[in-house]
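# Observations on the three-dimensional arrangement
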Amino acid sequence: MQDGERKPRQAQIFYHALENIDDILRQITLLDRASSEEEMNQTMPALLKAVGCYTLSERVYIFDWATPARDSFHNTFEWCAEGVVPQIDNLQQVPISLMPYWFARMQKGEPIVIDNLEDVRDMMPEEYQLLKPQDVHSLIAFPIFANHQLYGFVGVDNPGFGMSSISIRLLSTFGGHLGSLRENMQLMEQLTQKSQHLQQSLAALEKEHNLLQALCVDYTTVYACDLRTDTVEIIKLRPGTNGFRAEQTAPAEVLCSYTKRLHDFYERFVCKESAPDFLERFAAANLMRHLEREERLVYRFQTIPNEEGHTHFEALM
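Overview of the structure. (Residues numbered from 1 in each chain as written. Predicted model: local features only at pLDDT ≥ 70, side-chain atom pairs only at ≥ 80, totals over all residues. Heavy atoms only, no water.)

A few words on the overall build of the protein. The helix and strand inventory of the protein stands at 9 helices and 11 strands. In the protein, the share of contacts with a sequence separation of at least 24, taken over all contacts with a separation of at least 6, comes to 51%. Accessible surface, the protein as shown: approximately 18,900 Å² in total, 53% of it carbon and sulfur. (Helix = DSSP H or I, 4+ residues; strand = E, 2+ residues; numbered from the N terminus. Contact = heavy atoms within 4.5 Å. Areas by Shrake-Rupley, 256 points an atom, 1.4 Å probe, with all protein chains shown as cover.)

All right, on to the nonpolar core then. Residues Met-44, Ile-62, Val-154, Phe-174 and Leu-178 are the most contacted members of the largest nonpolar core, which totals 25 residues. Of all elements in the fold, only α1 (3-32), α2 (37-55), β1 (59-65), β2 (72-80), β5 (139-146), β6 (149-157) and α5 (165-218) reach the threshold of two or more residues within this core. It is α2 that contributes the most residues to this core, 7 residues altogether. When near neighbours in sequence (up to four residues on either side) are disregarded, Leu-178 contacts Leu-31, Met-40, Met-44, Ile-62, Ile-144 and Val-154. The next biggest cluster of nonpolar side chains, apart from the first, holds 21 residues, and it includes Val-94, Trp-102, Ile-114 and Leu-131. (Core = buried A, V, L, I, M, F, W, Y, C linked by side-chain atoms within 4.5 Å. Buried < 20%, exposed > 50% of the residue type's maximum accessible area, 1.4 Å probe, protein only.)

The next subject is the pattern of salt bridges. For the structure shown, the criterion picks out 6 salt bridges. Two residues, Arg-59 and Asp-157, come together in a salt bridge whose shortest N-O distance is 3.2 Å. You can see Arg-59 sitting in strand β1 and its partner Asp-157 sitting in strand β6, a full 98 residues away along the chain. You can call Asp-157 buried: its relative accessible area is 4%. Among the ionic contacts, a cluster of salt bridges with common partners joins Arg-59, Glu-78 and Asp-157. (Salt bridge = Lys/Arg side-chain N within 4 Å of Asp/Glu carboxyl O.)

Time to look at unusual backbone geometry. Across residues other than glycine, the phi torsion is negative in most instances, and most of the peptide bonds are trans. If you check the backbone angles, Arg-70 has positive phi at about 55° while not being a glycine. With respect to the secondary-structure elements, Arg-70 resides in the loop between β1 and β2. On the basis of relative accessibility, which here comes to 31%, the residue Arg-70 falls in the partly exposed class. Backbone geometry at Asp-135 places phi at a positive 65°, although glycine is not the residue there. Relative to the helices and strands, Asp-135 resides in the loop between α4 (125-131) and β5.

Moving on: the sheet that holds β5. Strand order in the open sheet formed by 6 strands is β3-β2-β1-β6-β5-β4, and the pairing between neighbours is antiparallel. Looking at the sheet topology across the chains shown, the edges are occupied by β3 (94-95) and β4 (112-114). In the sheet, β5 pairs with β6 via 8 bridges, with the strands oriented antiparallel. Bridge pairing links Ala-146 to Gln-149 in β6. Of the strands in this sheet, β1, β2 and β6 are in contact with α2, which crosses β2 at around 70°. Taken strand by strand, helix α3 (residues 100-107) contacts β1, β2, β4, β5 and β6, and its axis lies near 45° from that of β5. (Pairing = 2+ DSSP bridges. Axes fitted to C-alpha atoms, helices over the stretch in contact; angles between N-to-C directions.)

Shape is all these values report; function is a separate question.
Below you can see the structure in the form of structure tokens.
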């Protein structure tokens, strides 16, 4: 090719690159505006196509971790030029043992550039065996990297012209940006889940508070019992009741033993003939089993007269 022909060709490549860089940046802007992982995923095909057009490549793809253990990758997104055979279905479980050279480089945040696959046959034999059946001759792969963690990588197969150092840095920056976006999205989802959990907890506390308020109106004595830790806390204790008398002689504790209070009340105040199974029904283990099956337990029993002369009571658990 003579100089007169070469210059128009170079100009054509230059304007092609500018046009497609603009498209890549536009797709990245849409990616930045995504409010969920689903929206990010919807943007990905157009972004990969823009990268493919910029590099004049046959295939552009993304690999993510396939398992929480991070011992294998799977191909999650793929764009193919017209006439190129897709490989995504063949690359769903790729152990890192099949790409040790790549993995070591990408763990450091470094890209992989292969101008000729045959030239790296001895340097990266495992990767060579993986790429050769896919009809890969040249390749660029760059990590999806954020906060010193590898999230996956982006690959470009058989680019149509030699990539300059500026182009490689551009694609590597894209990988880092994608990693940051994914990390931020995960953090946002975690915050959303925690917020929902907090709202549920607050709703449960409000419901519990309303229930206690209702019980305090209808019942003379109200306790908050934690059967798993065998503790009980006084919520309401009306003077003149047997429960009030029991607490007058009990140690001054905010949290006391549920089992000890139960046995003490039974021995001192409950008429044994009216409630022969009192201790069995209210034993912590039996009560927990009952409340797993039923919403509540209602139990009626008789006591010795309290200061107000009352002898018949109902316990609600």
